[in-house]
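Analysis of the macromolecular model
One-letter residues, chain by chain:
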Amino acid sequence: MKMTIGILAITAATSLVACIADHTPSVSDQRKKEVTALLKSIETGDPAPIGYINPDKYIQHNLGAADGLAGFGALLQQLPANSAKVNTVRVFQDGDYVFTHTDYNFFGPKFGFDVFRYENGKIVEHWDNLQEKSTTPNPSGQTMIDGPTQVSDLAKTEANKSLVSGFVTDILVNGDMTKLQGYFNGDSYIQHNPQIGDGLSGLGAALEAMAKQGITMKYDKVHKVLGEGNFVLVLSEGTFGGKHTSFYDLFRVENEKIAEHWDTIETIPAQSEWKNNNGKF
């Protein structure tokens, strides 16, 4: 009887430990929480999340901010009092990178992507791309940030990154439109760009309208491809309307095809206007 009770006690303890382990936040979950809190602190003024940044190494790629923590703080000081609003809608993790999709009021209403790099448990580098918020839905009724937020298909992360990287390289960089259909399930494609409707037909109509207005959009180089499960973010450089431009494109993949797209497009200022020398990418 004592042995039976002892075995039961050990079994119960083992189950409890396993249960606790199942609810212990992973490194990925913890970093997502830290980045979300750091962004929210822009609105709340809470100084605690600053502790997630390495104070001796913070490489800044927002060209409107000087390098380091001091540069970040100086930028925040320029915000009109009580004006900042931050609602992070999507947050993902890929290796040492955490990347987010956020609804901002940051010197005006904007949508933006932020990318943070971790090193030895601390944030050491930051990139972002912000675009003024469209006041109306796109031709298909979508906004720049609505839609699915939950990550799935974690085992397919690398395959999905490869698929999206191929699409951006083949179609947007190299302009090989003969490969376009292979990346999509027919005309089924949900679009969140404020100027473009759903489907490849919507994309074609928008590109035709741009061409008639003499507006060109060209992707020259892919700098980063980050992903978690069915979501993939691509950071690219090129020109839009003749201006040096940073393109951040977020794709959702479903059944090995591109199913949905969000983006922000930001003009890269002349180097004489940069507050740091790290470059946009």
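Everything discussed here concerns the structure shown above.
This report concerns the structure included in the present document. Not measured: the values here are computed from a predicted model. (Residues numbered from 1 in each chain as written. Predicted model: local features only at pLDDT ≥ 70, side-chain atom pairs only at ≥ 80, totals over all residues. Heavy atoms only, no water.)

Focus on the overall build of the protein
Regarding its fold elements, the protein presents 5 helices and 10 strands. Per-residue burial over the protein gives 43% buried out of 281 residues. The long-range fraction of contacts in the protein, counting pairs at least 24 apart against all pairs at least 6 apart in sequence, stands at 56%. When the accessible surface of the protein is totalled, it reaches about 14100 Å², and 55% of it is carbon and sulfur. (Helix = DSSP H or I, 4+ residues; strand = E, 2+ residues; numbered from the N terminus. Buried < 20%, exposed > 50% of the residue type's maximum accessible area, 1.4 Å probe, protein only. Contact = heavy atoms within 4.5 Å. Areas by Shrake-Rupley, 256 points an atom, 1.4 Å probe, with all protein chains shown as cover.)

Overview of the environment of Ser 28
By the element assignment, Ser 28 lies in helix α2 (residues 27-44). As a C-alpha pair, Ser 28 and Thr 135 span 107 residues in sequence and 34 Å in three-dimensional space. When near neighbours in sequence (up to four residues on either side) are disregarded, Ser 28 contacts Gln 93 and Glu 228.

So, the pattern of salt bridges
Evaluation of the coordinates by the stated rule reveals 17 salt bridges. Of the charged contacts, one joins Glu 125 and Arg 117 as a salt bridge, the two residues approaching to 2.7 Å between their closest N and O atoms. Of the two residues, Glu 125 and Arg 117, neither departs from the other in class, the shared state being buried. Across the pair Arg 252 and Glu 260 runs a salt bridge whose closest N-O atoms are separated by 2.8 Å. Accessibility classification places Arg 252 together with Glu 260 in one group, the buried group. Each of Lys 57, Arg 117, Glu 119 and Glu 125 takes part in salt bridges that share partners, so that together they form one network. (Salt bridge = Lys/Arg side-chain N within 4 Å of Asp/Glu carboxyl O.)

Some details on the pairing of strand β8 (residues 231-240)
Buried residues dominate β8, accounting for 8 of its 10 residues. In this sheet, β8 lies alongside strand β7 (residues 217-228) in antiparallel orientation, the contact comprising 10 bridges. Across the sheet, residue Tyr 219 finds its bridge partner in β8, namely Gly 238. Hairpin connection between β7 and β8: a loop of 2 residues separates the two successive antiparallel strands, and Gly 229 in this loop has a positive phi of roughly 60°. Counted between consecutive antiparallel strands, the loop separating β8 from strand β9 (residues 243-254) contains 2 residues, among which Gly 241 sits at a positive phi close to 60°. (Pairing = 2+ DSSP bridges.)

Topic: the environment of Ile 215
Topologically, Ile 215 is positioned in the loop between α5 (199-212) and β7. For the pair Ile 215 and Gly 175, spaced 40 residues apart in sequence, the C-alpha separation works out to 16 Å.

Digging into the nonpolar core
Grouped together as the largest cluster of nonpolar side chains are 19 residues, with contacts concentrated most on Val 35, Leu 39, Ile 42, Phe 106, Phe 116 and Ile 123. Taken together, the elements giving at least two residues each to this core come down to α2, α3 (68-77), β3 (97-105), β4 (109-119) and β5 (122-132). Per-element accounting of this core gives the leading share, 4 residues, to α2. Those residues in contact with Phe 116 that lie beyond four places of it in its chain are Val 35, Leu 38, Leu 39, Tyr 58, Asp 96, Tyr 97, Val 98, Ile 123, Glu 125 and His 126. In terms of nonpolar packing, the next biggest core, distinct from the first, is built from 18 residues, Leu 163, Val 232, Phe 247 and Phe 251 among them. (Core = buried A, V, L, I, M, F, W, Y, C linked by side-chain atoms within 4.5 Å.)

Remarks on unusual backbone geometry
Located in the positive-phi region is Asp 153, a residue other than glycine, with phi close to 55°. Among the secondary structure elements, Asp 153 is positioned in the loop between β5 and α4 (157-173). Note on Asp 153: relative accessible area 36%, which makes it partly exposed. Positioned with a positive phi, Asn 255 is a non-glycine residue whose angle comes to about 55°. Mapped onto the elements, Asn 255 comes out in the loop between β9 and β10 (257-267).

Quick word on the packing of aromatic side chains
Counted by the stated rule, this structure contains 13 aromatic pairs. Aromatic ring contacts, followed pair by pair, group Phe 167, Tyr 183, Phe 184, Tyr 189 and Phe 251 into a single cluster. One residue, Lys 133, lies across the ring of Phe 111, its end atom 5.1 Å from the ring centre. (Phe/Tyr/Trp six-rings, centres within 6.5 Å; stacked < 30°, edge-to-face > 60°. Lys NZ or Arg CZ within 6 Å of the ring centre and 35° of its normal.)

Observations concerning the sheet that holds β10
Strand order in the open sheet formed by 5 strands is β6-β10-β9-β8-β7, and the pairing between neighbours is mixed. Each of the sheet's edge strands pairs with one partner strand only, and the pair in question is β6 (190-191) and β7.

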